[in-house]
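Listed below, chain by chain, are the residues.
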Amino acid sequence: MDFSGFDYAIGALAILVLVLLIKGIRTIPQGYNYTVERFGRYTKTLSPGLNFIFPFVDRIGAKMNMMEQVLDVPSQEIITRDNAIVGVDGIAFFQILNAAQAAYQVSGLQNAILNLTMTNIRTVMGSMDLDELLSNRDAINERLLRVVDEAAHPWGIKITRVEIKDINPPANLIESMGRQMTAERNKRAQILAAEGLKQSQILEAEGRKEAAFRDAEARERSAEAEARATQVVSDAISKGDVQALNYFVALKYTEAMGKIGTATNSKVVLMPMEASSLVGTLGGIGEIAKEVFKGDGPAATQRQPARPPVVRPSDN
């Protein structure tokens, strides 16, 4: 079978179209963006999926990872505001938002982000005291994130997080901090002990005050009762009631005898007295009790007052 020149031309054209299709079709994986350059100049960005470019005219420039990436910040020594030297390392998270800017606005994207983060760590932490570094880590992370993200924005980069991992003071500083912490804890313990002693003394003083108040109140009531009893006896004597006087003398007599008998320094009491006098005294008390329980009446008004007992000491 003979082929003419036209047949060869058709075949060559078909092969050329096939090659153009193969060269022009590009498949972009998920999570990546490719830049397209035409004669060395950026023209567009290819998104994930099936894309077409002009073969031999366009070419793939930069293949940018659009997923969030992690950048380890190596340890570095920082001099704080109070001249303490500490070792600090960290970690940074970033994401490319604009593939063209990330590809053509900065050379060596990850190296640029790393140096930018390390520089700002020295700047931020160098303006703080050592105590602030150890106690305000969240504030440091927030400040670093704001500063680094603002600086990386022209590159089409979003800094999502900057974290300080470790802050390592020198060994002598750690030892000094340990002694300071121990002294602070001892100080708090002494303060708490002093407060407890103060409260106990206050409560003890309040207890003594309350006891003294109650004792004074009891003595006052006892004095009032004694005065009232004396007044009643005085009124009875003024009215001619000798039995009340007899009762009063007998009561004081028996109380005095009870106190003598219960004294701790007296085991045996030898007191010469007439038994009849004590019996007479008790009899007088009995007569008074009868008068009280019998009540007022004609017989009570006609009864003569009992003769008070006479206590005479014996001749012994």
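Here we summarise the structure given alongside this text. (Residues numbered from 1 in each chain as written. Predicted model: local features only at pLDDT ≥ 70, side-chain atom pairs only at ≥ 80, totals over all residues. Heavy atoms only, no water.)

Sheet architecture is open: three strands sit in the order β6-β7-β8, paired in antiparallel fashion. For this open sheet the edge positions go to β6 (69–79) and β8 (157–168), each flanked by a neighbour on one side alone. Neighbour to neighbour, the strand axes of the sheet diverge by 20° on average, direction disregarded. In the packing of helix α3 (residues 109–126) onto the sheet, the strands contacted are β6, β7 (85–96) and β8, and the crossing angle to β6 comes to about 40°. (Pairing = 2+ DSSP bridges. Helix = DSSP H or I, 4+ residues; strand = E, 2+ residues; numbered from the N terminus. Axes fitted to C-alpha atoms, helices over the stretch in contact; angles between N-to-C directions. Contact = heavy atoms within 4.5 Å.)

Turning our eyes to something else, we now look at the sheet that holds strand β5 (residues 58–65). Here we have three strands laid out as an open sheet, ordered β3-β2-β5, and antiparallel in their pairing. One side of each edge strand has no neighbouring strand; the edge strands of this open sheet are β3 (41–46) and β5. In this sheet, neighbouring strand axes are inclined to one another by 30° on average, regardless of whether the strands run parallel or antiparallel. As defined by bridge partners, strand β2 (residues 32–38) adjoins β5 across six bridges and the pair is classed as antiparallel. Opposite Arg38, over in β5, you have Asp58 as the bridge partner.

By convention here, two paired aromatic rings are described through the distance between centres and the angle between planes. Tallied over the full model, the rule gives two aromatic pairs. Between Tyr42 and Tyr104, the ring centres sit 5.6 Å apart and the planes meet at 50°, which makes this aromatic pair tilted. Here Tyr104 lies in helix α2 (residues 99–104) and Tyr42 lies in strand β3, a separation of 62 residues in the sequence. By relative accessible area, Tyr42 is classed as partly exposed at 33%. Taken together, a centroid distance of 6.1 Å and an interplanar angle of 75° make the contact between Phe52 and Phe54 edge-to-face. The class of Phe52 is partly exposed, set by a relative accessible area of 41%. Exposure remark for Phe54: the relative accessible area of 48% places this residue in the partly exposed category. Taking NZ or CZ as reference, Arg161 lies 5.4 Å from the ring centre of Phe93, over its face. (Phe/Tyr/Trp six-rings, centres within 6.5 Å; stacked < 30°, edge-to-face > 60°. Buried < 20%, exposed > 50% of the residue type's maximum accessible area, 1.4 Å probe, protein only. Lys NZ or Arg CZ within 6 Å of the ring centre and 35° of its normal.)

The next subject is the packing of α3 against helix α5 (residues 137–152). Here α3 crosses α5 at 135°, and the two axes come no closer than 10 Å. The orientation of α3 relative to α5 falls into the category oblique. For the crossing formed where α3 meets α5, the hand is right-handed. Of the residues in α5, those in contact with Leu116, Thr117, Asn120, Ile121, Val124 and Met125 of α3 are Ile140, Arg143, Leu144, Val147, Val148, Ala151 and Ala152. (Parallel < 35°, antiparallel > 145°, perpendicular 65-115°, else oblique. Left-handed = near helix turned anticlockwise from the far one by under 90°.)

With that out of the way, let us pick up the side chain of Thr117. One can find Thr117 in helix α3. Its relative accessible area of 1% is what places Thr117 among the buried residues. The residues touching Thr117, leaving out its near neighbours within four places in the chain, are Val73, Ala92, Val148 and Val162.

Within the secondary structure, Asn51 sits in strand β4 (residues 49–52). Within the structure, the side chain of Asn51 is placed 2.9 Å from the backbone oxygen of Ser47, a separation counted as a polar contact. Setting aside anything within four residues of it in sequence, one finds Asn51 in contact with Gly24, Ile25, Arg26, Ile28 and Leu46. (Polar contact = N/O pair within 3.5 Å; in protein donor to acceptor, adjacent residues only side chain to side chain.)

Let us look at α5. Between the first and last C-alpha of α5 there are 22 Å, a value that for 16 residues agrees with the 22 Å anticipated at 1.5 Å per step. What α5 keeps buried is the set Ile140, Asn141, Leu144, Val148, Asp149 and Ala152. The buried residues of α5 all sit within an arc of 145° when viewed along its axis, so they share a single face. Facing away from the buried side of α5, by more than 90 degrees, are the exposed residues Glu142 and Glu150. The inward-facing, buried residues of α5 abut α3, α4 (130–135) and β8. (Expected span 1.5 Å × (residues − 1). Arc of directions from axis to C-beta.)

Next up on the list: the pairing of β3. Across five bridges, the pairing between β2 and β3 is antiparallel. When the bridges of β3 are listed, Val36 appears paired with Lys44. Linking two consecutive strands that pair antiparallel, namely β2 and β3, is a turn of two residues; a positive phi of about 55° is found at Phe39 within it.

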